Amino acid sequence: MTKLYESRKRILVTGGAGFLGSHLIDRLLRDGNEVVCADNLFTGSKRNIDHLHTNPRFEFLRHDVCFPLYVEVDEIYNLACPASPIHYQHDPVQTTKTSVHGAINMLGLAKRLRCKILQASTSEVYGDPFIHPQTEEYWGNVNPIGPRSCYDEGKRCAETLFFDYHRQHNLKIKVMRIFNTYGPRMHPNDGRVVSNFIMQALRGEHLTIYGKGDQTRSFCYVDDLIDGMVRLMDSSDEITGPINIGNPVEFTIKELAEEITARVRSKSSLVFLPLPLDDPKQRQPDISRAQAILNWSPKMQLREGLEHTIRYFETFLDRDDDR
Ligand code: NAD
Ligand code: UDP
Ligand code: UDP
């Protein structure tokens, strides 16, 4: 009994009330850890962590990572940041602050505690890529002054800070570049393509395709992604990343729309709207590094992952408050 208690880790998850964070917390608690979730509920929701409040190993702190945080933990997963274009463009200055000041504060915390810290970075660091599929060596093609820059450049600066704390202060860092991920607990109104298309198909509305729908994305199911994240955190100290985690099976947005209307058995038709500025034309992760170093590959096929996600979004249909 004592031994079990002593081996238990206390883990901080920032952004833990969000889509990915809440799944990560479920996994960490299932593995027997204690979890402190710090979230300002900007895009996250209490609903995502409602089921955890009776768990004595779980603690919620309403906290904005732009401000210092003094807690005692053994590991930090830094996920706090709005992730969908609608959300991160709503208050772009706050988005950059969250990425940059948030990273500085969480790195300062990790430095004081001498603990490992993982950064949820993104495929957006590659921007609208010239290299396809994207390998970790590629430096990217990012507009520094466009509407997506608050997110892309904020995340790039956070990566810089992680590597500088590593070189300058010998911090144990893990930088994970997450590619498009979907699954239950995505926000139904976050404007991301999977949530938009499923909600539109369920409501019998037109599916809104931006541009011609020939741009591509590669979609990873949330359980696969979280498995990759935990494997990276648990990997040996010399593994810093950056490391791509995503599903390399690539689809055009039009193919995704057709798959979703078929899964939902919806009569919705497609409507074509203007393509947003700087929308990347293609995206596919090269995951050789994750396969070799973490022995990780995604397992869930899009069709099955969509079924789980559609079942989740059906629970929102009869509500007008959505959350
Ligand atoms: P999400 O919006 O569901 O979750 C983000 C969480 O961070 C929310 O709970 C939000 O309230 C919280 N947050 C935002 N600003 C904060 C602040 N200043 N202080 C404290 N909490 C704050 O998004 P997600 O999809 O779960 O993304 C989680 C992380 O993964 C983000 O860092 C995102 O950039 C990264 N990521 C996600 C994807 C994806 O496809 N889901 C892809 C690439 C990267
Ligand atoms: N910080 C924090 N929690 C801690 C330690 C530090 O939030 O337990 C924050 C603090 O606000 C500081 C930032 O992390 O500004 C960076 O810390 P660091 O030690 O790198 O820099 P300094 O304190 O010298 O500015
Ligand atoms: N998209 C679309 N219709 C929508 C929402 C998004 O065609 O209703 C497109 C969007 O232009 C982009 C792709 O789908 O090319 C993925 O968009 P998302 O916002 O999910 O993620 P990101 O662009 O950040 O990869």
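Residues numbered from 1 in each chain as written. Chains lettered and ligands numbered in written order. Predicted model: local features only at pLDDT ≥ 70, side-chain atom pairs only at ≥ 80, totals over all residues. Heavy atoms only, no water.

Asker: For the site of ligand 3, give the residues involved together with the corresponding values.
Answerer: In the neighbourhood of ligand 3, 18 residues make up the surrounding shell, with Asn196, Thr208, Arg217, Asp279 and Arg283 lying closest. Note that an oxygen atom of ligand 3 is positioned 2.5 Å from one of the side-chain N or O atoms of Asp279. In the complex, the protein chains occlude 95% of the 520 Å² of accessible area that ligand 3 would expose alone. Among the elements of the structure, α6 (193–203) and β8 (207–210) are those that each provide at least two residues to the shell around ligand 3. Its residues placed into classes, the shell around ligand 3 shows seven nonpolar, five polar and six charged. (Near = heavy atom within 4 Å. Polar contact = N/O pair within 3.5 Å; in protein donor to acceptor, adjacent residues only side chain to side chain. Areas by Shrake-Rupley, 256 points an atom, 1.4 Å probe, with all protein chains shown as cover. Helix = DSSP H or I, 4+ residues; strand = E, 2+ residues; numbered from the N terminus. Nonpolar A, V, L, I, M, F, W, Y, C, P; charged D, E, K, R; others polar.)

Asker: Can you break down the pattern of salt bridges residue by residue, with the values?
Answerer: Counting across every chain of the model gives 28 salt bridges. Arg10 serves as the salt-bridge partner of Glu59, at 3.6 Å between the closest nitrogen and oxygen. Of the two residues, Glu59 is situated in strand β3 (residues 58–62) and Arg10 in strand β1 (residues 10–14); the sequence distance between them amounts to 49 residues. A residue is classified by how much of its surface remains accessible, and Glu59, at 35% relative accessible area, is partly exposed. One salt bridge connects Arg311 with Glu307, and the closest N-O pair in it is separated by 2.9 Å. Placement of both Arg311 and Glu307 in helix α10 (residues 302–314) is noted, with a separation of four residues, approximately one turn of the helix. What emerges from the salt-bridge pattern is a single network uniting Glu259, Arg263, Arg303, Glu307, Arg311 and Glu314. (Salt bridge = Lys/Arg side-chain N within 4 Å of Asp/Glu carboxyl O. Buried < 20%, exposed > 50% of the residue type's maximum accessible area, 1.4 Å probe, protein only.)

Asker: Before we move on, could you go through helix α8 (residues 253–264) and cite the residues and values that matter?
Answerer: Between the first and last C-alpha of α8 there are 16 Å, a value that for 12 residues agrees with the 16 Å anticipated at 1.5 Å per step. Where α8 is concerned, the buried positions are Ile253, Leu256, Ala257, Glu259, Ile260, Thr261, Arg263 and Val264. Immediately downstream of α8, the backbone of Arg265 shows phi near 55°, a positive value. (Expected span 1.5 Å × (residues − 1).)

Asker: Could you give an account of the sheet that holds strand β6 (residues 173–178), naming the residues involved and the relevant values?
Answerer: Taken in spatial order, the seven strands make up an open sheet running β3-β2-β1-β4-β5-β6-β11, and their pairing is parallel. Bordering the open sheet on either side are β3 and β11 (243–245), each of which pairs with just one other strand. Averaged over all adjacent pairs, the angle separating strand axes in this sheet is 20°, with direction ignored. By the bridge criterion, six bridges tie strand β5 (residues 116–122) to β6 in an arrangement that is parallel. Looking across to β6, one finds that Thr122 is bridged to Ile178. Docked against the sheet, helix α4 (residues 92–113) engages β1, β4 (75–78) and β5, running at close to 170° with respect to β4. (Pairing = 2+ DSSP bridges. Axes fitted to C-alpha atoms, helices over the stretch in contact; angles between N-to-C directions. Contact = heavy atoms within 4.5 Å.)

Asker: So what's going on with the packing of α4 against helix α5 (residues 149–169)? Which residues, and what values?
Answerer: Close contact between α4 and α5 brings their axes to 8 Å; oriented N to C, the two are set at 15°. Considering the angle they form, α4 stands roughly parallel to α5. In this structure, the crossing between α4 and α5 has a hand that is right-handed. Together, Pro92, Thr95, Thr96, Ser99, Val100, Ala103, Ile104, Leu107, Gly108 and Lys111 of α4 and Cys150, Tyr151, Gly154, Lys155, Cys157, Ala158, Leu161, Phe162, Tyr165 and His169 of α5 make up the contact between the two elements. Of the residues contributing to the contact of α4 with α5, the split by class is 12 nonpolar, six polar and two charged. (Parallel < 35°, antiparallel > 145°, perpendicular 65-115°, else oblique. Left-handed = near helix turned anticlockwise from the far one by under 90°.)

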